[in-house]
Amino acid sequence: MGKQDYSRRAIGEGIAVMAIFILTYGTAEGNIINPLSAVSAYFIIFSFMQAPYGAQVNPAVTLSLFLMEKRKKDSVKYKKYIAFGLIQCIGALFGAMIINILQIDLLKLTPNNITSAFICEAMFTAVICFVCLVSCDRRLSASTPHIAGLTVGCAAVLASITIGPVSGGIVNPAIAFGLLFGRTFFQGGPFGDLKLIWLYILAPLLGAVLAYSIYFDILREERILMPPPEEEAERGQKARLDNQVGDNEERLSLIHI
């Protein structure tokens, strides 16, 4: 893939995050997002951008996909993934700017307990990243961006409803970046709110690593999930070679007899 293709995908990431930010948090009521708007936003974005590789829309998902590619290849263009993450944050900031122009109050992140909020954000982000990793598995999901969009959208709504009172249920570092910086610089919020940025960045990234570890190091190693076609084909070829070697050794033993 050339630099021009990467540039298009990076710009698409920014636009996708901006659209999800506006559709999800521009229609939020209090601290709870509108379920229909959130699911519709993810469904539309994932469907049109062929998620999850073409529409990651979450730095945590980007990290889990980076780890997956690094597992398969010796050399990985990590700068591409860093650029995706930064542009996702910029897209969310533009979304916050547009919401402010529409005179809509941005969601205020006020976690009751830092430890509880950290655990909740990490765990629910792991669920979303796991869904995206499964969607990438050609054996389990034959390139079905529509289903990926619905599942990720439903997971985001579930996070908002379940852990919204605890942490806000953001589960997306880019969205949290847009909410915190947008509320501070566009709506006159206190600068003290920015000290929470570490929580909403570190916890989801930890969740991404957790999802990757569960998917590849536990489920794949224990054969709970089927291997992808190329791995199965490689194993089949190795088995045929082993059988051929065994037949040749048996023939040689018969000759000596």
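These lines cover the structure that appears in this document, whether it is placed above or below. Since the structure is predicted, the reported quantities are computational estimates derived from the model, not experimental observations.

### Topic: the overall build of the chain
Reasoning step 1: If you tally the helices and strands in the chain, you get nine helices and zero strands.
Reasoning step 2: Going from N to C terminus, the chain has its helices and strands arranged as α-α-α-α-α-α-α-α-α.
Reasoning step 3: Within the span of the chain, comprising 257 residues, buried residues form 46% of the whole.
Reasoning step 4: Within the chain, counting contacts between residues at least 6 apart in sequence, those at least 24 apart form 77% of the total.
Reasoning step 5: Approximately 13,600 Å² of the chain is accessible, and the part contributed by carbon and sulfur atoms is 64%.

### What about the environment of leucine 67?
Reasoning step 1: Locating leucine 67 in the fold gives a position in helix H3 (residues 59-72).
Reasoning step 2: Along the chain, leucine 67 and tyrosine 78 lie 11 residues apart, while their C-alpha atoms are 9.9 Å from each other.
Reasoning step 3: Once you skip the residues sitting within four places of it in the chain, leucine 67 turns out to touch Val209 and Tyr212.

### Notes on helix H7 (residues 173-185)
Reasoning step 1: Relative to the 18 Å expected for 13 residues at 1.5 Å per residue, H7 spans 18 Å between its end C-alpha atoms, a close match to the ideal helical length.
Reasoning step 2: Counted residue by residue, H7 has 10 buried out of 13 residues, so it is predominantly covered.
Reasoning step 3: Within H7, the full set of buried residues consists of Pro173, Ala174, Ile175, Ala176, Phe177, Gly178, Leu179, Leu180, Gly182 and Thr184.
Reasoning step 4: Capping of H7 at its N-terminal end is provided by asparagine 172; its side-chain oxygen lies 3.0 Å from the backbone amide nitrogen of alanine 174.

### Considerations on the side chain of glutamate 13
Reasoning step 1: Along the polypeptide, glutamate 13 turns up in helix H1 (residues 3-25).
Reasoning step 2: Although glutamate 13 lies buried, it forms no salt bridge, and the closest oppositely charged side chain, arginine 9, sits 6.0 Å away as judged by the N-O distance.
Reasoning step 3: At 2.9 Å, the side chain of glutamate 13 forms a polar contact with the backbone nitrogen of valine 57.

### Quick word on the nonpolar core
Reasoning step 1: In terms of nonpolar packing, the biggest core is built from 60 residues, with Phe21, Val57, Ile170, Leu179 and Tyr200 touching the most fellow members.
Reasoning step 2: Going through the elements one at a time, H1, helix H2 (35-49), H3, helix H4 (78-101), helix H5 (114-136), helix H6 (145-167), H7 and helix H8 (197-220) are the ones with two or more residues in this core.
Reasoning step 3: Sorting elements by how many residues they give to this core places H5 first, with 11 residues.

### Focus: the packing of H3 against H4
Reasoning step 1: With their axes 9 Å apart at the nearest point, H3 and H4 run at an angle of 170 degrees to one another. The orientation of H3 relative to H4 falls into the category roughly antiparallel. Residues Pro59, Thr62, Leu65, Phe66 and Glu69 of H3 lie in contact with H4, whose contacting residues are Tyr78, Lys80, Tyr81, Phe84, Gly85 and Gln88.

### Some thoughts on the side chain of threonine 184
Reasoning step 1: Tracing the backbone through its elements, the reader meets threonine 184 in helix H7.
Reasoning step 2: Non-local contacts of threonine 184, meaning those with residues more than four positions away in its chain, are made with Gly189, Pro190, Phe191 and Leu194.

### Focus on the packing of H4 against H7
Reasoning step 1: Across the interface, H4 lies against H7 with an axial gap of 8 Å and an inter-helix angle of 40 degrees. By the angle between their axes, H4 is oblique relative to H7. As for how H4 packs across H7, the hand of that crossing is right-handed. Where H4 approaches H7, its residues Gln88, Cys89, Ala92, Leu93 and Ala96 are matched on the opposing element by Ala174, Ile175, Phe177, Gly178, Phe181 and Gly182.
Reasoning step 2: Taken together, the residues of the contact of H4 with H7 sort by class into eight nonpolar, three polar and no charged.

### Details of the packing of aromatic side chains
Reasoning step 1: Counted according to the given criterion, the structure contains nine aromatic pairs.
Reasoning step 2: Between the aromatic rings of phenylalanine 181 and phenylalanine 185, the centroid separation amounts to 5.9 Å while the plane-to-plane angle is 15 degrees, which identifies the pairing as stacked. Taken together, the positions of phenylalanine 181 and phenylalanine 185, both in helix H7 and four residues apart, correspond to about one turn of that helix.
Reasoning step 3: The class of phenylalanine 181 is partly exposed, set by a relative accessible area of 23%.
Reasoning step 4: Seen from their ring centres, tyrosine 212 and phenylalanine 216 are 5.1 Å apart, and the 45 degrees between their planes marks the pair as tilted. Of this pair, tyrosine 212 and phenylalanine 216 both sit in helix H8, four residues apart, which is roughly one turn of that helix. Residues tyrosine 212 and phenylalanine 216 agree in their burial class; the two are buried.
Reasoning step 5: A connected cluster of aromatic rings, assembled from ring pairs, spans Phe130, Tyr212, Tyr215 and Phe216.

### A word on the environment of alanine 19
Reasoning step 1: With respect to the helices, strands and loops of the structure, alanine 19 is situated in helix H1.
Reasoning step 2: With 26 residues separating them in the primary sequence, alanine 19 and isoleucine 45 have C-alpha atoms 8.2 Å apart.

What counts as what
Residues numbered from 1 in each chain as written. Predicted model: local features only at pLDDT ≥ 70, side-chain atom pairs only at ≥ 80, totals over all residues. Heavy atoms only, no water. Helix = DSSP H or I, 4+ residues; strand = E, 2+ residues; numbered from the N terminus. Buried < 20%, exposed > 50% of the residue type's maximum accessible area, 1.4 Å probe, protein only. Contact = heavy atoms within 4.5 Å. Areas by Shrake-Rupley, 256 points an atom, 1.4 Å probe, with all protein chains shown as cover. Expected span 1.5 Å × (residues − 1). Polar contact = N/O pair within 3.5 Å; in protein donor to acceptor, adjacent residues only side chain to side chain. Lys, Arg positive; Asp, Glu negative; His and termini not counted. Salt bridge = Lys/Arg side-chain N within 4 Å of Asp/Glu carboxyl O. Core = buried A, V, L, I, M, F, W, Y, C linked by side-chain atoms within 4.5 Å. Axes fitted to C-alpha atoms, helices over the stretch in contact; angles between N-to-C directions. Parallel < 35°, antiparallel > 145°, perpendicular 65-115°, else oblique. Left-handed = near helix turned anticlockwise from the far one by under 90°. Nonpolar A, V, L, I, M, F, W, Y, C, P; charged D, E, K, R; others polar. Phe/Tyr/Trp six-rings, centres within 6.5 Å; stacked < 30°, edge-to-face > 60°.

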